Structure formats: structure tokens, C-alpha cells
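Listed below are the residues making up each chain.
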Amino acid sequence: MSVPAASFPPHSLTARFAARAARRQWRERWLGRGLRGLSLLLALLLLALPLFLLFNARIDDAWREALLPLLAGSFKAALYAMLVALPLGLGAAIWCARFATPGLRGLLKPVFELFEAVPAVVLGLIAALILAPWLAQRVLGLVLLLALLPLLALAAGWLWQRLAPAGWQRFWRGREIGLLLPLAALLVPLALGLGQAPLFASFAAQLQPASPWNGLVIGLMLGLATMPVIFTLAEDALFAVPADLATGAQALGATRWQALWRLVLPVAAPGIAAAVLLGFSRALGETMIVLMASGNTPLLQVSPLSGLRSVAANLALEAPDAVRGSVHYGQLLFSALLLFGLCLLLNALAEGVRARLRQRLAGS
Amino acid sequence: MSAPAPVAAMPGGLLDGQELALQARGLSLDYGSRRALDAVDLAVPCRRVTALIGPSGCGKSSLLRCFNRLNDEIADCRIVGDVRVFGADAYAAELSLPELRRRVGMVFQKPNPFPQSVSENVAFGLRLAGLRARLELEDRVEAALRAAGLWEEVRDRLGESALRLSAGQQQRLVIARALAVEPQVLLMDEPASMLDPISTLRFEELVVALRERYSVLLVTHNMQQAARVADYTAYMQAGRLLEFDTTDRIFTNPRLRGTEDYITGKLARDEE
Amino acid sequence: MASNASRPVQRRDLGLWLAAAAVSTSLLALAALLWVLLAQSWQAFAPAPVALLQWRDDAGEHSLLASVLAQDEQVLIVRGSEWQRRGDAYRRVLRSSLVHLSFPADALNLRLADGREILLRGSEQSWRGLDPQQRLVLPGADGEVPVRGADLVEVVAVNALSGWQRLGTGLQRALGFAGGTGGSGLFAALLGTVVLVMLMSVLVMPLGVLVALWLHEYAGNDQLARGLRAAIANLASVPSVIYGLFGLVLFVHGIGGSLDVLLSGTTAPVPHWGRGGLLWSALTLALLTLPVVVISVEEGLARVPPGLRQAALALGATRAEMLWRVVLPVARPALLTALILAVARAAGEVAPLMLVGAVKYAPALPLNGEFPYLHLSQQFMHLGHGVYDLALTGSDGPRDLAQAHATALLLLLVVIGLNASAIVVRNRLRERSRELSA
Ligand SMILES: Nc1ncnc2c1ncn2[C@@H]1O[C@H](COP(=O)(O)OP(=O)(O)OP(=O)(O)O)[C@@H](O)[C@H]1O
Ligand SMILES: [Mg+2]
């Protein structure tokens, strides 16, 4: 220490600090090094994981044949799930971020966040044991329900805006779901009953699935499971768009929907695209729901009424019994590598798109 | 080693013969490409209060942080020039940073007590020295609180969370915390800006009392405060140290127009 | 025209009703899921009414005392007394063949420790308070079944129960099921889950916190830090079953296999470490939850007010001392949030565990009184895995399926409870950091 101690009356603490200085410095240095070493180790481990898969993976022609239906099954499950998750997730995100009252938003957002945490095995259980046998008899009813629901919403909205007194409209502004919920709840038994009406018996027979455990069930349940993923990400992106953008437009006479469509959505588009990509990646890799409710038959059929077997479910079924080092083992690892790569790719894409969003928000 | 700096401390021979606590020569500082300090020369005499005044953003805090090297924490901050603490190079390679910072205590604009009890706050630095004995800790905590003029108010509340104290008490607690590690210099960065008038008065009395043992470098936007407590006053503008003199002379007869404008003309606007 | 002018803003604003429909549909679906789970779980424990049935078919006329499990216009699904084995007395009875159907008030439902249910008529009192050692003989239809008093766990006069009593009995059974150690109890699975998750926390928390500390406090922006950040961010998007495979290949076969060879000295040892087990499962889950921990700890560190850091440094604290004495204590709620989120994530994962050690039935508990108390290499039972097993491979159809739902409900409650508490803690933390920096 080159600070001259004599220039000032010696302090009693100075000696104590001096006595500990070496030890403190040593500790400081080694903590930094230790943390760095630990992080390096972790980085190596994370790097080693895919490499391990790569070195053990194997592929031959026969297996390529077998792999195709699995891949097709994964994509079929994920695509049907997206058909459900996209409208639900994006619609709910749009509603929550831009239309709902703050109180309602504060209520809905945690509900969907908690829904995201529901273990997949629970959803798989309900899909396999309850939904599948129930739905097997009611495919037509479901189709009717899905067709009628948006129509009902539009009709209700049109009538409401036409006929309801202005005071009511003002009160329910931002709370429209309160009006729609009971209507939708009423529509469900109606549509299902209609689907079972004797009049449509021949239609219903055509829609009879080959097995209760099929793409339709997977689409519904996996879609529900993916919906909150898309919801949270898209809602964040939409909510981050400054509010004055939309209110300014509304002041100029645009409706709330027009303001959203023309101004907010274009700004938030990258965030929404990222949400969709990540949701798709999640659906692609989801295991338990597909494992329990898809029937696990490796079919190459597009029809939602037939079963499927996905790469992930196949891993869960076959890997525990695969003999280490065998050809089958290598093949399973290959399929896992494929799935891994796909998910990484989707994630990287989403990350890239999201970076664009951040730039755009910073620029605006 | 112990000789005071032989070169002329400040132009005009103002501090000649005085022992210097802090000294900066040709000190320039850049945040990335933005220059915050430009060739600053400043000397802070021992056991005196030196006030540093100047318009907002002129680099007062940046200059203060050079003396205890808190600027090292800012990633893109680069420093050129000579900084000495009691004659020793503060940026020497072999210097122990914790020891330097212990000797050069700092009080921030916003009181920032740790979310711990009052006595734990004061004991923080003592524990760094390895003090464990309860009696000694208690003695030193009491001494520091007394020196900061807070003891009478908190003697029954030592176990309470420091965040429950009033802003003025918190500021004095933070001073006590700095005094407990026995610094030689105190850097104070607008310490009274968040205090009410009565707390401010008490604080000023405290600064005058501290002058007995410590060298104080005080940044303030309050001209009367500078006039009341400081022996010397330095005026900064746009990263340059323009004028340094005894407080009397600065306030009655400044050499530069800028200084005079700032002290008189801007007085009303700056004092909030 | 006038009406248009008076309400111009509302006119083509129909799109938002579609968005509202999406919210309504999602909420309805959520409610339906919850309702199904609750209703099905209740099925597992509700005392079913006991009927006296007489019916005629080709083989002649039959008479049976049986629990009525389900019924519609055409058939009754009933379960008679399980004299021999659990799950062997289900029957479908056509309504058209019924001669007599009544619900006698003195019908009793006895439950034995092995899960069998016996139906009798008689007085409840005479079956209560039996000497545990006393052997008694149940008058069975297929001969007489010897039972000890201790085997009798429940006697209920089912048909005489009031609504509240039914609820009470159901809840009591549910509690017994959740804590039960017998063939049909959840205790083993619950303990397995808890031990697994605790072990995982012990592994992931120090690692996650230290790595987050390094990333946030030391690393700056160097190559390693950027690489590690990217790896961790990508790790979060990897499907969980792939983690299972990582665990299988790296931990079970790689490390475990080599350990076996080392310990036994032969090249083809009996797998001990080289098969799925508690430790490997915990490590796998630790890897799976690492991104959660690192990301939320980093967020917590970023929320520590910079004024506190500067204060500590200005007092002469080294960086290590600042972190240990100021930053970490202030960030403690963030560490708690990280822990809760990790536990919630891990508690609900099943897919990876299927590859690295959860089994349908493990003969011994992972934590017991035998040295070394915690059996790291042992296979174990797990709640989530139990749901899967009961649902797909159960031997006693109706009962197992209902119990699968009950197990799922328990799992759901645990996970949702953990997540909700994480949300609460996080909100508190945000408020507090706002207070600290205000
Ligand atoms: N961490 C930093 N990074 C980049 N620029 C900074 C940083 N801190 C300060 N500056 C810039 O350096 C200049 C001087 O800042 P400084 O805080 O030293 O001024 P000041 O005189 O203390 O002002 P005030 O009276 O408002 O506290 C300002 O232009 C400021 O924007
Ligand atoms: Mg400042």
C-alpha cells in the first residue's frame, strides 16, 4: 500500500484492514475464477449433449421408411394443434392486450399463465379417457359448433351495436366477453344436439372416426395446451405497442378494430410471428398428450379422423427398452436429433424475428 | 513519502504549503465518445471543506467518482490524467482498490441504506475488517452514529430496519456508515438535495463539525450552502474546472463572468 | 343516415367480437377441463349406492347385492362383492331383464385393507369396533372368506347416508387415498415426487444461482458469456422428452455405465448405476429447469438497485463481499421465485422420467430407514407417471381410471399452487424493489 499512513494519525482499523487484505483479495480472485470455471464446465456440458446424440445416432434405409410416418405424425399433430391454438391464442391475446379493461386483463392474464403450467399428463389423461370416447360420437356436432361459434359472435356483435342503448354499450365496452360467455355456453349443447339429430344421421356416419384416439382429439387437446404459450408471447408483443398509437387513430374516427388491424398489428407482427413459431415448436415436441391420446399407430394419413404416432411419443415408448449400443438405439437417437434440430431451428427463427420487433419498438 | 505535494497545488499559489488530501491534474474522462471531464486540475486540502459547484451535467459527479475509482464500474468509461490521494497515485497498478475506497468515503445524492437494521448498516464496513466481537462492534457503531449526530435519535431503534428512518436520518445514517470505517476523505455528492430545510441545517452543522477530522469534497447546487460550509469553492462548467478560490472570494468577487452568472443569475432557478 | 352519424364509431367494429369469442371459448374449455377432472375424481371416492338386484337371463334367475356405478336407460353397470380379488366382480345388467331392484337401507359397504369391497346387509354397529386380531368369516356367495379385524378399514351403511355424510365419506376416502401406503395409495408416488424434486432443487439451485451470478455480475460480454447465454436460451425450447434422452444417454448409460464397470471390475456388470434411478432423474430435471432458474435469478439481480451496489463498493467492499452481503440478500425473493418455478416445472414433467427412472411399481421407497436412507440409484414411483400408468395400463378398469383422475387432480393442485405462489412472490418482489429504489 503506497498511501502514506504517516500523513494522518494512524487509525486503529487500518491495521485490521491491512491484516485481512491479502485474504480478501485472494477470495475475490478465486471467486471470479471459480465462477468462470463453473460456467465453462456448464457450457461444455451443454455442448456435449447434442454431440453425444450425434455420435451415437445411426440411420439406415429401412429405418428411413419407418421414420417418415413418425415425422408425418409429429407434423400432423402440431399442425392440427395450431389450427386450434392459433385462433384461440391470438384472439385471446388481441382481446386482452388491446380491448379488455385493465381489471379484466389483470384477471385473464394470470388465468392463462396458470393454464400454461398445467402438467401435460393431466391434459393427456382427459384427452385419452374422456374426450376421445365422448368425441367419437359427436364429430358432426363439433364441426357444427366450430362453424357456428364465430357466426354467433359476429351476429351478437352486430345486433348489440345496432340495438343496444348507448349507455349499455358504454358500460360493456371492454367487457364484451361477459355477454358472449353465456351465449357460447348455450350454443354448445345446441350444436352438439343438432349434430346428433336424426336428420343428419348419414353425415354423422361419414364422420365416424376409425378410432376414438385420432388426430382430431390430439388437435383439440394439444391445441388447448399450446394456446397459452401463444397467448402469453403474443399478448406481450401486442401490449408493448404504445397505446397512443391506437388512441390517436381512434380519435381520427377509426374503430377499435381498425386501429388494431392497421396500426397495432403491423408493429407487433414480428412478436406475433415469434409466438406462433414457438407455439409450433412446443406442439412438435409435446410428448404426453400425443402419447396418451393419439393411438400411437404410425400411419401416413392426413385425415384428422385417423390416428398417428409422433417422434416424441415414439421416443417415450421405445427408448426405455432399447438396448444400449444396438442399431435400434442409434436410430432412436437419430430421430431425437432430428426433433432437437427442428426445435432449435424454430427457436432461432423466433429469436431473430423477435429482435426485429425490439428494433421496431425502439425506433417508433 | 509523507511530504506534501511539492508542486504548486493550484494556480496562484492558493494552497501552497497546505497538505493536500486529493489532487487531480490534467484529468480527462470519456464515457464512450462523450467527453465528460476535460483536463481538470483540482486540489482538495486536508481538513477543509471544499465545495464543487456548477450547472447540471457539467461533470461534478464524474469527477468525484474518479477519486474513489467508482468509475471503474462503468464499462465504457476511460480516464486520462493524474489522480492522487494523499500524494499517492490512485490509479497505480499495485494499489488495493478496497483500501482506497475505504479511505475515500462517499455519500450519495439519494440516501441508500442497506435494507438491514440501523446498526447492521453502520457495522457493514466494520465486518469487512473482520470485526466480530459484539462489544467492540457496538462501541464503534455508537461512535460513528454520534459523529454523524444521529445517536440520540436512533439509540432505541438500532434493531429497526434502516428503511423506516426519515430521509434526513437516512442520510446521516449513511454518513455514519461511511465514518465507521475511518476514512480520511469524504466525497459528498449533493447529499442535502433530498432533505427538508431543517434536516439540511442539521446536515450543514454536521459537515462543519466533520471538518475537524476529515477532508470534505462537497458537491452542491445550493449556493448558500456552499457559502455557509465551504472553505474553498471550485466552479465547473461543461467538463472544465474554471475557477477555484476561497469561498469568500468566489462569492464576492469571482474572476470569471460565468461563475458570477451561475452564482447570482441562475441561483433562483437552480435551487429547488 | 342520421342514425349512422350518431354512432359512427361502432359501425364496422365486429372483428373484436371474434377476439372476444376466442377468449370465451378458451375459458369455457378451461372450465370444462376442470369440471371433468373434479367430477371424475369424485367418482373415485363417492360412496356408490348398493342395490339388491334380481334378473333373469338364459342361465336362469340371479340375485345380487351390488354397488351401482353407472346406469342409463338400457343397462346398469354394477360391482358385486369382491370376494377373491379386486376388480373381478363387474357386471352389466340389462334393464329389460330386471325382475327386482331395490336399495335396502341396511346395506353395508366394507372396505378391506387391500382395496377390496364387500357388500353385506346387517347392522353397522356389529362390524365396528372389532378386535384387530379376531378372525371373522364373511358369508360370501362363493364360499366363505376369512378376514382379520385389522383388515377392515371402512364400514359404511351407504344407502342410509345423507348428502353431507356422503361428502364426508368421499373426502375421507380421498385423504386416505392421497396418503395411503397400501396397494392403491399415493404415498409412495407422493414421496417419490417430493424426494425427486427436492434432490433436483439441491442440484439446480446452487448451479443456477452461481451461473446467473457469473453471467450478470462478472462476465460482461465476452465470448463464453454470449455462448452460454445463447445455449441456455435455446435449452428452454428443447422438448422435455429430449432431456430424457440426454439423461439416458449421458447420465444413465454414459456415467452410470462407466461407474458400474469401475465398481464391479467386470466389463459387463449387472446394471446398478447403469439403469434409470433417482439420481439420474434428478440430474435430468435439473438440466431441464436450469434455464428457468438462471433466467429468473438474472432478472432478480437486475432488479437490485444500483445505489446499494455503489454504496457497498464505496465502503471498500470487494465485489464478492458486495454480492454476498448486499446483492444476494436483497435478491432473495427472486431466488425463491426461481426455486418455486423450477419445482413447479419439474413436478409436472413425466416424459423425461419415463426414460430415466420412474416406474409403475417400485418395491421400496427412495427414502427409508435403511442405510444409506436415501437410495440414489433406485427406481421410484412418481405422481405424474402414476397418472399415465393408471390410465393406460390399470388392471381394474373403472376404479383405476377414476383414481387416475384423482391423482391428476392432486398433481394439478400441487403444480398450480406452486405457480400461483411464484406469481405472488414475484409481485411482492417487484413492489419491494420499487420501494427500495423509490
Ligand atoms: N454512466 C454514464 N454513462 C454515460 N454518460 C454518463 C454517465 N454518467 C454521466 N454521464 C454523462 O456525463 C456528463 C456529466 O455527468 P455527471 O453526472 O458527472 O454530471 P453532474 O455535474 O454530476 O450533474 P448533476 O448536477 O445533474 O448531478 C453528463 O453529460 C452525463 O450525461
Ligand atoms: Mg451528479
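Rules behind the numbers
- Residues numbered from 1 in each chain as written.
- Chains lettered and ligands numbered in written order.
- Predicted model: local features only at pLDDT ≥ 70, side-chain atom pairs only at ≥ 80, totals over all residues.
- Heavy atoms only, no water.
- Contact = heavy atoms within 4.5 Å.
- Buried area = accessible area lost by both parts, 1.4 Å probe.
- Salt bridge = Lys/Arg side-chain N within 4 Å of Asp/Glu carboxyl O.
- Polar contact = N/O pair within 3.5 Å; in protein donor to acceptor, adjacent residues only side chain to side chain.
- Helix = DSSP H or I, 4+ residues; strand = E, 2+ residues; numbered from the N terminus.
- Nonpolar A, V, L, I, M, F, W, Y, C, P; charged D, E, K, R; others polar.
- Expected span 1.5 Å × (residues − 1).
- Buried < 20%, exposed > 50% of the residue type's maximum accessible area, 1.4 Å probe, protein only.

Draft legend 1. Up close: the interface of chain B and chain C. At the junction of the two partners, chain B supplies 22 residues and chain C supplies 18 residues. Summed over both sides, the interface between chain B and chain C buries roughly 1,700 Å², with carbon and sulfur atoms accounting for 69% of that surface. It is F114, F124 and L128 of chain B that lose the most area in chain B upon contact with chain C, and together they represent 29% of the buried surface on that side. The tally of links from chain B across to chain C stands at one salt bridge. Measuring nitrogen to oxygen at the nearest pair gives 2.9 Å for the salt bridge that ties E73 of chain B to R319 of chain C. Between chain B and chain C we count two residue pairs in polar contact (both at pLDDT 80 or more) in total. Those elements that provide at least two residues to the side of chain B that touches chain C are α2 (97-103), β6 (104-107), α3 (118-128) and α6 (167-180) of chain B. Along the lines of polarity and charge, the residues of the side of chain B that touches chain C split into 13 nonpolar, three polar and six charged.

Draft legend 2. Expanded view of helix α7 (residues 176-195) of chain A. Between its first and last C-alpha atoms α7 of chain A spans 28 Å; for 20 residues at 1.5 Å apiece the expected length is 28 Å, and the two agree. Regarding α7 of chain A, the residues found buried are E176, I177, L180, A184, L187, A191, L192 and G195 of chain A.

Draft legend 3. Region of the structure containing the interface of chain A and chain C. The partner chain C presents 84 residues to the 89 residues of chain A that form the contact. With both sides pooled, the region where chain A packs onto chain C buries about 7,900 Å², and carbon together with sulfur makes up 78% of that total. If you sort the residues of chain A by the area they bury against chain C, L35, L49 and Q161 of chain A come out on top, with a joint share of 8%. There are two salt bridges connecting chain A and chain C. In this structure, the salt-bridge partner of R36 of chain A is D222 of chain C, at a minimum N-O distance of 2.9 Å. Linking chain A with chain C are 10 residue pairs in polar contact (both at pLDDT 80 or more), by the criterion used here. At 19 residues, the largest contribution of residues to the side of chain A that touches chain C is made by helix α1 (residues 12-56) of chain A. Here the residues of the side of chain A that touches chain C sort into 66 nonpolar, 13 polar and 10 charged.

Draft legend 4. Broad picture of unusual backbone geometry. We note that N296 of chain A has phi near 55 degrees; this positive angle belongs to a residue other than glycine. In this fold, N296 of chain A is placed in the loop between α12 (288-293) and α13 (311-318). Residue N296 of chain A is classed as buried on the basis of its relative accessible area of 15%. Within the chain, A39 of chain B stands out as a residue other than glycine whose phi angle is a positive 45 degrees.

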